[in-house]
Amino acid sequence: MMGKSKKLKMKEFTLFVVLASAIIGCNSVREKENPESKLSQFLWLEGDWKSQIDDELFKESWSIKNDSVLEGYSVLIKKKDTAFIEKLSIVSEAGNIFYIAQVSNQNDRKCIKFKLISTSQENFLFENKAHDFPQQIVYTHPKPDSLVAWVQGMMDGRFTKDVIRMGR
């Protein structure tokens, strides 16, 4: 027969396990509902990416600022001249995720927001239907150390798509 102290310890242990399970369960539910946790799907972007085609070098770099902001930039160098510089970020705001771009010589240097509207295991689609071009930005991660990004939408009355394939 089990003594009272062993029964009491067993009850305390059982209560501890039940409470611990409940706390862990609540935290994991909270994490799934927390919009900032959605940014974890973009952590693979961290680091430097580049694409070299003939005399054009495209570079993109991303770093984690905090649990709700990734910061980055892209630059296009043509024949050793900088043709394009863009400040980038992916942020969690008010329950949504946005890709924000600020191009040095476009849109009066204003930040343009593209809302995340679709995700899958490898594809992330951001959209801003009100923007002149592009209206959509897509990032894909088809394999490790590989990034394919494209911008697409209507330009001058016709559909246009520009694709950039990058590696680390």
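Before reading further, recall that the structure is shown in the block above.
Owing to the predicted nature of the structure, the values given are computational and were not obtained by experimental measurement.

(A) Just the pattern of salt bridges, in detail. Using the criterion set out here, one finds four salt bridges in the structure. Here Glu71 makes a salt bridge to Lys65, at a shortest N to O gap of 3.7 Å. Here Glu71 falls in the partly exposed class, since its relative accessible area comes to 33%. Owing to a relative accessible area of 54%, Lys65 belongs among the exposed residues under this scheme.

(B) Structural view of unusual backbone geometry. Cis geometry is adopted by the peptide bond preceding Pro134, which originates at Phe133 and carries an omega value of -5°. Considering the arrangement of structural elements, one finds Pro134 in the loop between strand S7 (123-127) and strand S8 (136-140). Not every positive phi belongs to a glycine, and Asp54 is a case in point at roughly 50°. Notably, Asp108 is not glycine yet its phi reads approximately 50°, a positive angle. With respect to the element layout, Asp108 can be found in the loop between strand S5 (96-103) and strand S6 (112-119).

Rules behind the numbers
Residues numbered from 1 in each chain as written. Predicted model: local features only at pLDDT ≥ 70, side-chain atom pairs only at ≥ 80, totals over all residues. Heavy atoms only, no water. Salt bridge = Lys/Arg side-chain N within 4 Å of Asp/Glu carboxyl O. Buried < 20%, exposed > 50% of the residue type's maximum accessible area, 1.4 Å probe, protein only. Helix = DSSP H or I, 4+ residues; strand = E, 2+ residues; numbered from the N terminus.

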